[in-house]
Structure formats: structure tokens, C-alpha cells
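Coordinate inspection notes
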Amino acid sequence: MNRLLEFIKKYNYWFLFVLLEIIGIIMLFRFNNYQASVYLTSANAVSGKLYDMSSAVTSYADVKEQNRELTRQNILLENQVAQLRLKLEKMNGDKEHVDSKEKAIASLDGFTLLEAQVINATTNKVRNYLTINKGYRDGVKPEMGVVGGRGVIGIVYLTSAHYSLVIPLLNEKSNVSCRIRDRGYFGTLSWSGGNTQTAWLNDIPRHARFKVGDYVVTSGFSSVFPEGMYVGKIEKVFYSADGLSYQCLVRLGTDFGKLRDVNVLLSPHLMEHKAVEDSARMADLKEIN
Amino acid sequence: MILQLLKLVGITIILLLTQSLVLNHIHFLGYATPLIYVYAVLKVSRFTPRWQQLLFGFFIGWAADTFTDTMGVSAIATTALAMFMTPALNLFVDADNNDDFVPGTDTMGWSAYARFLFVAVLFHHILYFLVEAFSFSDWSGMLTSCMASVALTCALIMAIEAAFARKR
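Residues numbered from 1 in each chain as written. Chains lettered and ligands numbered in written order. Predicted model: local features only at pLDDT ≥ 70, side-chain atom pairs only at ≥ 80, totals over all residues. Heavy atoms only, no water.

Side note on the overall build of chain B
Heads up, the condition is: Each helix is a run of H or I in the DSSP string that is no shorter than four residues. Each strand is a run of E no shorter than two, and both are numbered from the N terminus. Throughout, exposure labels follow a simple rule: accessible area from a 1.4 Å probe, protein chains only, divided by the maximum for the residue type, with under 20% read as buried, over 50% as exposed, and the rest as partly exposed. Each accessible area is a Shrake-Rupley result for a 1.4 Å probe, and residues are judged covered by the shown protein chains and nothing else.
Of regular secondary structure, chain B possesses seven helices and zero strands. Its helices and strands in sequence order give chain B the pattern α-α-α-α-α-α-α, from N to C terminus. Counting over 168 residues, chain B shows a buried share of 48%. Put simply, chain B shows about 8,400 Å² of open surface, and 70% of that area lies on carbon and sulfur atoms.

Set out below in C-alpha cells:
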């Protein structure tokens, strides 16, 4: 301690020298525009480089949040595009056709997006399932749709308080009503195992006119998905076994191997819709009996 | 002691006035401006405490800056000169000479003083012109101005020394 004090006492003028030079430098930058501008320019270059480096690091920390936000925006934009497309078709004529479609539109106004994360998923079975971290406490109910930034993912099957089990498109039990965009033909999308990037669009009538590369979107016939949500692209076309319809191989938009951020479509009309469907089914059964 | 202090204060005031009223308007051949006020820093006696030398150097630099509107430029250079003065002086004084004296031709002799003056003024001017230019983009122009000013300042100081020597 004494040595330190002695050192400071002996070389006190060095501290004074540094202090006076700092005062001089402050005066230089404070009162001289030229030096201040040169200093600021180089300081900006240095700080710009530093900010670049720090943002490169911190952007990784934000990726999760950004991804969630992008997924959400993508879903909203996709739906907006679908609606605008319908409006355009309406303005171009074919009124009857479009009117029937418009009735089927369940726009996102009626749906609420609930962000969720996939916490478990299988893709290597014939009956694959996803588990998401939102349950009935968050408003999730069975038969609600689940979508991601790159299209439809599946339908909620079971819910607990905080978690839900989802039947993805990659499940042989999955059947989603779809249509070929801009063509108007409807079919059912199903999967029978094997390739996790493709599914089958069945029951497209033989008189239908479409081509490979056409987009497949949700039909909006149920209250699970709004109309026009992207599902995938037609990759190959085959005749069905009975030869009465086409069977299209669809390349799915969603990569189920990389799923993380998803959105549950909370539908306010779901129960009402389901009740109507159930009563129709009951009426059918009674008639048969 | 008090007489010596008063003398130093007097020299400082005269040098600062000369610098601001006359020498600042001289740009010899478009390059050289003598910075005569450094002479005041060089007139501090050899064993003056370093902190006093530093404060004095800073004060002279600051005063020169206020007159020439170059805030900070002279202050940085003259403070550094005050710090550099003792080691520079030791280069030109015999190792066994422990006398306290004011550097000058009368105490050091013409040759030693001229060399000391050149080294000290060169050190000050390099710093001054570097801080003033604050860039190496026109280093040749800066070097020319610096060397021309060193020559002019040294010549002026030697002329003052010669004038006082004749008086003595």
C-alpha cells in the first residue's frame, strides 16, 4: 500500500498530464467543428462496425421472436391474398361461381390466431401426431385448424389444460377439404405414409382442367380453415383406381421435419358449425333406419 | 524567485500578445506561421516541479487557443511540450550538472541551446500540426508547414536570445 502511495506521489505529474491532455482533447472536439466532424466520422465508422457485429450476435437471440412474428404475418397475408383474389375474380365476371365461393369464405376476421410452439412431433409413422404447448385454458378446442408460415399443418385432435395433440396432414386419418386455386375444383387431401413432403389430393373430377404446378389451397367448406390457405403445389397427376377421377400428388408447403412456430385458428363458429353437421348426420341415420 | 516569476509572467503576456496580434497573420510563403509562445514554456527553470510546468504549459496553450480560435490545439501541444521539456533538457546538459537554471544561450551556450530549442520546437510543432490537421490525407503539405514553421519559430527565438545577450 505504502509503495503504491509512494508510486502515485512520485509520478503524480503523469496523472496531471493525462488529465490536462484529456481536457485539451475535450476542448478540441467541443469547440472545433472540423476536428469534431473528423472524429465523429471515424467514430461512426467504428461504432457502425461494432453495431454490425453486435447485431449479428443479437439477431440470433431475436430469431425466435422474429420467426413467430413472420409466421403470423405470413398467415395473415396469405389470407388477404386469397380474399383479394376472390374479389378480383368477382370483378372479372363469373359472378355465380364466385358468389358461391364467397359464402364459403371464413375470413380471418372470424378467426383469432393463437401462437403456439410444437414441442413434440413424429413424422416416421403412418399416424403421426404433433403436440403443441397450448390447451383448452388458452381457448384451444378439438377440430380447430393449425397453420404455419408455409401453410396448413393439421387439425387439433385432443386438448388438455396446457397442451393439445394435433393430427397433421401427415396422418392417414387426416382429411382436409381443398381446392385447386384459380380452377375451383375441390378434392380431399390425405396422406398414406411414405414421403413426408407430399400428400394426395383425391376426387378431382375427370373433366377438371388444371396443370402441374397449380396451387392447392383450403376450400373453406368447414369452419376449421378459412378459404384460400396454402397447402401445397401439384407435382404429378394420376388417374384414380376406379378411373373416375384424378389423383394429384401434392408437394406440401410445410416442412414437417422443421416445425416449430405454429398458430391455432380459434374459430368462434366452430361449435355452431359442428352442431349443424351433427344434426344433419343424425337426420341421415334416422332416414337410413 | 518572485522576480523570476514576474519576469516569466511578463514574457508570457508579451509573447501571447505578439502571437495573436502579429504572428498569427504571418503565413510565410503560404506555409510557415511562427508559434513564438512556446518560448514561454522553454523559459521555465530546470527544476520547477513537473506539475507546475504542466499547469503552466496548459495555461499558455489555452491562452494561445483563445486568441487564435483553435481551442484545444495549442493546449494539447504545449502541455505535451511541458512534459517533454525536462527529458529534452537532460539530453543537452552535462550529467554532473545539478544546477537549477533557466534554459537560454547564457546558461547553456549557443550550440547546446540551439539544439535543445530545435528538438523542443520540432516536438511541439509536429504535435500542433497533427492535431490541427487531424488527418494524414495531406501529409506532405502538413510536413512542409510544420518544418517551415519550426525554422521560423527557432529563428525568431534565437533572434530574441541574441537581442537579450547583446543587452547583457
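Okay, back to it.
Quick look at the interface of chain A and chain B
Convention followed: By definition in these notes, contact holds between two residues if any of their heavy atoms fall within 4.5 Å. Note on definitions: buried area is the accessible-area loss of two parts on being combined, 1.4 Å probe, summed for both. Under this definition, polar contacts are N or O atom pairs within 3.5 Å; protein pairs additionally need one hydrogen-donor-capable and one acceptor-capable atom, and for neighbouring residues in sequence, both atoms have to be side-chain atoms. Residues are grouped as follows: nonpolar covers Ala, Val, Leu, Ile, Met, Phe, Trp, Tyr, Cys and Pro; charged covers Asp, Glu, Lys and Arg; every other residue, Gly included, is treated as polar.
At the junction of the two partners, chain A supplies 19 residues and chain B supplies 21 residues. Both faces combined, the contact of chain A with chain B buries some 1,600 Å², and carbon together with sulfur accounts for 78% of it. Between the two partners, chain A and chain B, sit one residue pair in polar contact (both at pLDDT 80 or more). For the side of chain A that touches chain B, the secondary structure elements donating two or more residues are α2 (12-31) and α3 (33-91) of chain A. Partitioned by chemical class, the residues of the side of chain A that touches chain B number 14 nonpolar, four polar and one charged.

Thoughts on the sheet that holds strand β2 (residues 130-132) of chain A
Residues and elements named next belong to chain A. Just so we agree on the cut-off: By the convention used here, strands pair only if DSSP detects at least 2 bridges between them. A fitted line through C-alpha atoms serves as each axis, taken over the contacting stretch for helices, and the angle formed by two N-to-C directions is quoted from 0 to 180°.
Strand order around the closed barrel formed by six strands is β1-β2-β5-β4-β3-β12, with antiparallel pairing between neighbours. Mean inter-strand twist for the sheet, computed between neighbouring axes without regard to direction, equals 45°. The pairing of strand β4 (residues 151-159) with strand β5 (residues 164-168) spans five bridges and is antiparallel. Bridge pairing links Gly 154 to Pro 168 in β5.

Brief notes about the layout of surface pockets
Residues and elements named next belong to chain B. Definition in use: For each structure, a 1 Å grid was placed over the protein atoms alone; sets of points admitting a 1.4 Å probe that cannot get out are labelled cavities, open sets with protein on both sides within 12 Å along at least five of seven lines are labelled pockets, and lining residues have an atom within 4 Å of a point. Grid points are joined across faces, edges and corners, and a volume is the space filled by probe spheres set on the points.
Approximately 630 Å³ is the volume found for the largest pocket. Lining the largest pocket are 24 residues; nearest its centre among them are Gln 4, Leu 8, Lys 43, Ser 45 and Val 102. Taken together, the elements giving at least two residues each to the lining of the largest pocket come down to α1 (2-21), α3 (50-68), α5 (105-108) and α7 (139-167). It is α1 that contributes the most residues to the lining of the largest pocket, five residues altogether. Considering only residue class, the lining of the largest pocket consists of 13 nonpolar, five polar and six charged.

So, the confidence of the model for chain A
Residue and element names in this part refer to chain A. The condition that has to hold: Confidence of the prediction at every residue is given by pLDDT, a number between 0 and 100.
Per-residue pLDDT for chain A has a mean of 81; in total, 84% of the residues score no lower than 70. Taking the mean pLDDT of every element in chain A, the minimum, 44, falls on helix α4 (residues 95-104) and the maximum, 93, on strand β7 (residues 186-190). Long-range and interchain partners of residues 95-106, a stretch whose pLDDT sits below 50, account for 19 contacts in this model, where long-range means more than four residues apart.

As for the packing of helix α4 (residues 73-91) of chain B against helix α6 (residues 110-133) of chain B
All names here are of chain B. Basically, it comes down to this: Roughly parallel covers angles under 35 degrees, roughly antiparallel covers those over 145, roughly perpendicular covers 65 to 115, and oblique covers all other angles. Left-handed is the label given to a crossing in which the near helix is rotated counterclockwise from the far helix by less than a right angle, and right-handed is the label when the rotation is clockwise.
Closest axis-to-axis distance for the α4/α6 pair is 9 Å, and the angle between their directions is 155°. Taken together, the axes of α4 and α6 are roughly antiparallel relative to one another. The chirality of how α4 crosses α6 is right-handed. Contacts between α4 and α6 involve Val 73, Ser 74, Ile 76, Ala 77, Thr 78, Ala 80, Leu 81, Phe 84, Met 85, Ala 88 and Leu 89 from the first element and Phe 116, Val 119, Ala 120, Phe 123, His 124, Leu 127, Tyr 128, Val 131 and Glu 132 from the second. Here the contact of α4 with α6 is composed, by residue class, of 16 nonpolar, three polar and one charged.

Concerning the pattern of salt bridges
All names here are of chain A. Worth spelling out the cut-off: Basic side-chain nitrogens of Lys or Arg form a salt bridge, by our definition, when they fall within 4 Å of a carboxyl oxygen of Asp or Glu.
What the rule picks out here adds up to six salt bridges over all chains. Salt-bridge contacts for Asp 214 lead to Lys 211; the nearest nitrogen and oxygen are separated by 3.8 Å. Among the residues examined, Asp 214 registers a relative accessible area of 9% and is labelled buried.

Quick look at the sheet that holds strand β9 (residues 215-218) of chain A
Residue and element names in this part refer to chain A. Taken in spatial order, the six strands of this closed barrel run β6-β7-β8-β11-β10-β9, and their pairing is antiparallel. Taken over all neighbouring pairs, the strand axes of this sheet differ in orientation by 40° on average, direction set aside. When strand β6 (residues 176-180) meets β9, the two strands line up antiparallel, connected through three bridges. Within β9, the residue paired with Arg 179 across the bridge is Val 217.

Digging into a nonpolar patch on the surface
All names here are of chain B. To keep things clear, this is the line we draw: Like-charged residues within 9 Å of one another, or nonpolar side chains (Val, Leu, Ile, Met, Phe, Trp, Tyr) within 5 Å, are grouped into patches, provided each residue has over 30% relative accessible area and no salt bridge.
Taken together, the side chains of Leu 5, Val 9, Ile 13, Leu 17, Leu 21, Val 22, Ile 26, Phe 28, Leu 29 and Tyr 31 present a nonpolar region at the surface, about 980 Å² in accessible area. Position of Leu 29 relative to the elements: it lies in the loop between α1 and α2 (38-42). Judged by its relative accessible area of 71%, Leu 29 is exposed.

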